[in-house]
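# Residue-level structural notes
Each chain, written out:
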Amino acid sequence: MSTENLPQSPEQPSRKPRVAVVFGGRSSEHGISVVTAGAVLKAVDRTKYDVLPIGITQDGRWALTADEPERMAITERRTPNVEELAESAEGAVVLPVDPANREVVYSEPGSVPKALGEVDVVFPVLHGPYGEDGTLQGLLELSGLPYVGAGVLASAVGQDKEYMKRVFTSFGLKVGPYVVIRPREWARDESAARRKIVDFAGEHGWPLFVKPARAGSSIGITKVDDLSGLDEAIAAAQAHDPKILVEAALRGREIECGVLEFEDGPRASVPAEIPPPDTHAYYDFEAKYIDSTPGLVPAPLTPEETAEVQRLAVDAFEAASCEGLVRADFFLTEDGEFVINEINTMPGFTPISMYPQMWQASGVGYPELVDRLIQAALRRPTGLR
């Protein structure tokens, strides 16, 4: 029978993809994550996407927060926090546990849970442990929710500086000298662990950089010029991570390069250079975020040096099985060799951060950068890939 003359049902308007911006978290980089979220919320194209801001408090509660990015900025040298933005001191957001259901629920003690609607993609802008290290990514995989950025393995490798260096070495990328002190090693014999560092300094010289093995934003890092400052530096690093990494100082220029996933694969941005800050011993947390020490974009490199660091940045992205985005940090040594220091799978992402600045100089502005990351996540399935 022909249906040509039967009445037709009106077409339902298509729903805009819904993006959950998840930020804050339990790491020492909580405040910077909130700042990053404010920048992303400002940049998301509201004609193209619906947005649901979800903050994770410092004690791990998932909170419904106001969509007010202007409250997520550094003010008077102080970073914001999720507790100040949460709509309730007790309410909690719950992700779906069934991959066939993408509906997010909000509940408060003594109240009937309220459905917040379906989420199509998560934009996690968490830095450090419990967010950037594969833990959140594993939760999203179990929930069947697509998400921006690296998967479980790449996130874990990108967070743990020891295993990051081991992976890079296995792929032929050059890394600088380092030594690791694990928690059991320190607990078993502090003197032997300390002697291991002193022997390392005897081989490679002072200064050394003592840092948490699984932290970022230059938090907990100390430049140690001689033996007298070693114990204090170890304690500062262990306050953020019981596993510490000690690196020899490399003489050279600090060069960064961004990698972004396009439809045809990862591409590298123009590189940037981080000049030595005038008022800081090195490029530490305050130099990065509080005093906003400016970088040079693009870096004053030769065309050959630019091409080489771009190639190495993409190689690092591929070596760690990354997705979405990466900032790769290098030293250009005095003999003209690039040595990779680390990658960040969720780098600082405010408009003044180096990663967006490098892409701005490469012709991809901040709103387009956010859109490309969301689109890459929507194209990618969860699960093994």
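Remember, it's a predicted structure, so these values are computed and weren't measured experimentally.

The next thing to look at is the environment of L245. Here L245 shows up in strand β11 (residues 244–248). In this structure the C-alpha to C-alpha distance between L245 and G348, which are 103 residues apart in sequence, comes to 21 Å.

In terms of nonpolar packing, the biggest core is built from 35 residues, with V21, F23, V40, F123, F349 and V370 touching the most fellow members. At the level of secondary structure, the elements contributing two or more residues to this core comprise β1 (18–24), α1 (30–43), α2 (82–85), β7 (121–124), β12 (252–262), α11 (354–361) and α12 (366–379). Counting residues in each nonpolar core, the second largest holds 28 residues, with C257, V259, L301 and A328 among its members.

A separate point is the packing of aromatic side chains. For the coordinates displayed, the defined rule picks out five aromatic pairs. With centroids separated by 5.4 Å and ring planes inclined at 50°, the aromatic side chains of F349 and Y366 adopt a geometry described as tilted. Separated by 17 residues along the polypeptide, F349 in the loop between β16 (338–344) and α11 and Y366 in helix α12 bring together distant segments of the chain. For F349, a relative accessible area of 0% gives the class buried. An aromatic cluster is present here, built from F123, F349, Y355 and Y366 joined pairwise through their rings. Note that R166 overlies the ring of Y163, its terminal NZ or CZ placed 5.9 Å from the centroid. One cation-aromatic arrangement involves R267 over F262; the distance from NZ or CZ to the ring centre is 4.0 Å.

As a further point, take the sheet that holds β7. The pairing of strands in a sheet comes from backbone hydrogen bonds and takes either a parallel or an antiparallel form. Taken in spatial order, the four strands line up as β3-β2-β1-β7 in an open sheet, and their pairing is mixed. What marks the edges here is a single partner per strand, and that holds for β3 (62–64) and β7. Adjacent strand axes in the sheet meet at a mean angle of 30° when their direction is disregarded. Its contacts with the sheet put α1 on β1, β2 (50–56) and β7, and the angle it makes with β1 is roughly 155°.

What follows is about the sheet that holds strand β4 (residues 92–94). Pairing is antiparallel across the open sheet formed by three strands, whose spatial order is β4-β5-β6. A single partner strand is all that each edge strand has here, and the edge strands are β4 and β6 (114–118). Each adjacent strand pair in this sheet contributes to an overall mean axis angle of 25°, direction not counted. Here three bridges tie β4 to strand β5 (residues 103–107), and the two strands are oriented antiparallel to one another. Each residue of the ladder has a partner; that of V93, found in β5, is Y106.

It is worth spelling out the environment of H127 at this point. The topology assignment puts H127 in the loop between β7 and α3 (135–143). On a C-alpha basis, the gap between H127 and E29 in space is 5.8 Å, while along the polypeptide they are 98 residues apart. Discounting chain neighbours no more than four positions away, the residues touching H127 are S27, E29, I32, S33, T36, E132, M346, P347 and G348. Among the polar contacts listed, one links the side chain of H127 to the backbone oxygen of M346, at a separation of 2.9 Å.

Attention now moves to the pairing of β6. Relative to β6, β5 runs antiparallel, the two being bridged by four bridges. Within β6, the position partnered with V105 by the bridge is A115. Between β5 and β6, which pair antiparallel in sequence order, lie six residues; one of them, G110, sits at a positive phi of approximately 80°.

Should the charged atoms of two oppositely charged side chains come close, the side chains can pair. Enumeration according to the criterion identifies 31 salt bridges in this entry. Between R194 and D231 there is a salt bridge, with the nearest N and O atoms lying 2.7 Å from each other. With a gap of 37 residues between them, R194 in helix α7 (residues 190–204) and D231 in helix α8 (residues 230–238) connect regions that are remote in the sequence. Two residues, R379 and E263, come together in a salt bridge whose shortest N-O distance is 3.8 Å. A residue pair is termed long-range when its members are at least 10 positions apart, and R379 in helix α12 and E263 in the loop between β12 and β13 (265–268) qualify at 116 residues. Classification of R379 by relative accessible area gives partly exposed; the value is 42%. By relative accessible area, E263 is classed as exposed at 58%. By sharing partners, the salt bridges in this structure join E141, E261, E323, R380 and R385 into a single network.

About the thresholds
Residue numbers run consecutively from 1 along every chain, following the written order of its sequence. A pLDDT threshold of at least 70 governs which residues receive local features in this predicted model, and a stricter bar of 80 or more applies before side-chain atom pairs are shown or counted, although totals over entire chains, interfaces and linings include all residues. Hydrogens are left out, water is left out, and the side-chain values use all remaining heavy atoms of the structure. The helix and strand labels rest on DSSP assignments: H or I over at least four residues marks a helix, E over at least two residues marks a strand, and numbering proceeds from the N terminus. Remark: nonpolar core denotes a set of buried residues (Ala, Val, Leu, Ile, Met, Phe, Trp, Tyr, Cys) joined through side-chain atoms within 4.5 Å. Exposure categories follow from relative accessible area, calculated using a 1.4 Å probe and restricted to protein chains: below 20% of the type maximum is buried, above 50% is exposed, and the middle band is partly exposed. Only Phe, Tyr and Trp rings are paired, with Trp represented by its six-membered ring, and only when their centres lie within 6.5 Å; those with planes under 30 degrees apart are stacked, over 60 edge-to-face, the remainder tilted. In our convention, an over-ring charge means Lys NZ or Arg CZ found within 6 Å of a ring centre and within 35 degrees of that ring's normal. Any two strands between which DSSP finds at least two bridges are classified as paired. Working convention: axes come from line fits to C-alpha atoms, limited for helices to the stretch in contact. Angles between N-to-C directions cover 0 to 180 degrees. Whether two residues are in contact is decided by their heavy atoms: any pair within 4.5 Å suffices. Polar contacts, as used here, are pairs of N or O atoms within 3.5 Å; protein pairs need one atom able to donate a hydrogen and one able to accept it. Residues neighboring in sequence count only if both atoms are side-chain atoms. By definition here, a salt bridge exists when the distance from a side-chain nitrogen of Lys or Arg to a carboxyl oxygen of Asp or Glu is within 4 Å.

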